[in-house]
Amino acid sequence: MDRPGAVAELRSALTAFASDYTAGEHRWCVALSGGPDSLALAAAAAALLPTTALIVDHGLQPGSHEVASTAKEQALAVGCVAAEILCVDVGAEGGPEAAARSARYRALDTARRGAPVLLGHTLDDQAETVLLGLGRGSGARSIAGMRPYDPPWCRPLLGVRRAVTHRACAELGLTPWHDPHNADARFTRARLRSEVLPLLEGVLGGGVAEALARTATALREDTEALDGIAAEILAGLDGDPSTDALASLPDAIRRRVIRGWLLAGGACGLTDKHIRAVDELVTRWRGQGGVAVPGGRSRERLFAGRRNGVLTLYRQPV
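Residues numbered from 1 in each chain as written. Predicted model: local features only at pLDDT ≥ 70, side-chain atom pairs only at ≥ 80, totals over all residues. Heavy atoms only, no water.

Asker: Tell me what's going on with the packing of helix α5 (residues 123–136) against helix α8 (residues 188–204), and back it up with residues and numbers.
Answerer: When two helices pack together, their arrangement is captured by the angle between the axes and the distance separating the axes. Two elements in contact, α5 and α8, have axes whose closest approach is 10 Å; the angle formed by their N-to-C orientations is 95°. Comparing their axes, α8 and α5 come out roughly perpendicular. Of the residues in α8, those in contact with Asp 125, Ala 127, Glu 128, Thr 129, Leu 131 and Leu 132 of α5 are Thr 188, Arg 189, Leu 192, Arg 193, Val 196, Leu 197 and Leu 200. Class assignment for the residues of the contact of α5 with α8 results in seven nonpolar, two polar and four charged. (Axes fitted to C-alpha atoms, helices over the stretch in contact; angles between N-to-C directions. Helix = DSSP H or I, 4+ residues; strand = E, 2+ residues; numbered from the N terminus. Parallel < 35°, antiparallel > 145°, perpendicular 65-115°, else oblique. Contact = heavy atoms within 4.5 Å. Nonpolar A, V, L, I, M, F, W, Y, C, P; charged D, E, K, R; others polar.)

Below, the structure written as structure tokens:
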């Protein structure tokens, strides 16, 4: 039997996603870069619901305005009811990739006007994300990869290979833009894509990307279940947590309670290393001082400490 066409495969993935996560929505947006993944997604989405294409122009590459203008024309040609170009200023915090991502998501969130936003991340992107998490040693939360549905962000193609979006563009007669950054060896993800994953596929006999994506799904399900238990415990605490009460919890639950407490107190950008350092105030108490955690305001730092058998958060000037 012939395999279904790529466009049909994308529409099927979108229909299933909408049934599971966005039933009742009457419109949606697509974050469109002009690349094959987002362009194919825009075409498939426009066939199902009124779709607005949101095109972020980061202004980081020569000719970015022309790329954005072409993407707008293509979005309207494939049936999108509207297309907007969003020009952003990219800062420097966290490095070029992180800064561009932050600027992009802020712009998309502002422009979506209450509608969910479809993102063109594929199964290959998920596999790369898992490998990045493994390399950084950031714990199960990082290896769990991207969520299919993290309102307002929707990733309906996490079960679809990148090759399918390329075939879909060919079926539709579309010429996508190919971002040169995706092949630039200065960027870690580009090297994972071009060097590491092909090597793993060759050494392990194929199926690596799918296996990594399955691993992400399994870990995400476990993580969300443990997070739910931790949230119930945190909600039942009266004020700052007692170290005795925390010490009686299983390790995985205790660290999640600590994470939730830190986030509620203003911390942000927490890593597994931060959480484990605060956890040692409970499990390896030797009279040590406070642990600096990210989340301090201008000219001050945020600390987690232990005082009289209770974890506390406090701020100190820089």
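The rest of the description comes next.
Asker: Give a description of helix α3 (residues 64–77) that names residues and reports values.
Answerer: Its 14 residues give α3 an end-to-end C-alpha distance of 20 Å, which sits within 8% of 20 Å, the value for a rise of 1.5 Å per residue. Buried within α3 we find Ser 64, Val 67, Ala 68, Ala 71, Gln 74 and Ala 75. Down the axis of α3, the smallest arc covering the buried residues is 125°, so these residues share one side. Of the residues in α3, the exposed ones pointing more than 90 degrees away from the buried face are Glu 73 and Ala 77. Here the buried face of α3 lies against α2 (36–46), β2 (51–57) and β3 (82–87). (Expected span 1.5 Å × (residues − 1). Buried < 20%, exposed > 50% of the residue type's maximum accessible area, 1.4 Å probe, protein only. Arc of directions from axis to C-beta.)

Asker: Tell me about the pattern of salt bridges, and name the residues and values.
Answerer: One side chain can pair with another of opposite charge once the charged atoms of both are near each other. Evaluated as defined, the whole model comprises 20 salt bridges. Linking Asp 227 and Arg 256 is a salt bridge whose minimum nitrogen-to-oxygen distance equals 3.1 Å. Linking Asp 227 in helix α9 (residues 208–235) with Arg 256 in helix α11 (residues 251–264), this pair joins segments that are 29 residues apart in sequence. Where Asp 279 meets Arg 254, a salt bridge forms, and the shortest distance between an N and an O atom there is 2.6 Å. Of the two residues, Asp 279 sits in helix α12 (residues 272–283) while Arg 254 sits in helix α11, which places them 25 residues apart along the sequence. Residue class for Asp 279 comes out buried when judged on its relative accessible area of 4%. Each of the salt bridges in this network shares a partner with another, and the network as a whole consists of Asp 125, Glu 128, Arg 162, Arg 189 and Arg 193. (Salt bridge = Lys/Arg side-chain N within 4 Å of Asp/Glu carboxyl O.)

Asker: Please set out the UniProt feature "binding site: ATP" (unreviewed entry) in the protein chain residue by residue, giving values where relevant.
Answerer: When the UniProt feature table is mapped onto this chain, "binding site: ATP" (unreviewed entry) is found at Ser 33, Gly 34, Gly 35, Pro 36, Asp 37 and Ser 38. Owing to a relative accessible area of 39%, Ser 33 belongs among the partly exposed residues under this scheme. When residues no more than four places from it in sequence are discounted, the contact partners of Ser 33 are Ser 38, Val 67, Ala 71 and Trp 177. Polar contacts involving the side chain of Ser 33 include one to the main-chain amide nitrogen of Gly 35, which spans 3.0 Å. Looking at where Gly 34 falls in the secondary structure, it is placed in the loop between β1 (28–31) and α2. Discounting chain neighbours no more than four positions away, the residues touching Gly 34 are Leu 39, Ala 71, Pro 176 and Trp 177. (UniProt positions renumbered as here; feature names shortened; annotations may be inferred. Polar contact = N/O pair within 3.5 Å; in protein donor to acceptor, adjacent residues only side chain to side chain.)

Asker: Break down the sheet that holds strand β8 (residues 300–307) for me, citing the residues and quoting the values.
Answerer: Here we have three strands laid out as an open sheet, ordered β7-β8-β9, and antiparallel in their pairing. Looking at strand neighbours, the two that pair on one side only are β7 (291–293) and β9 (310–317), the edges of this open sheet. This sheet shows a mean twist of 35° between the axes of neighbouring strands, independent of strand direction. Sitting on the sheet, α11 touches β8 and β9, and the angle it makes with β9 is about 40°. (Pairing = 2+ DSSP bridges.)

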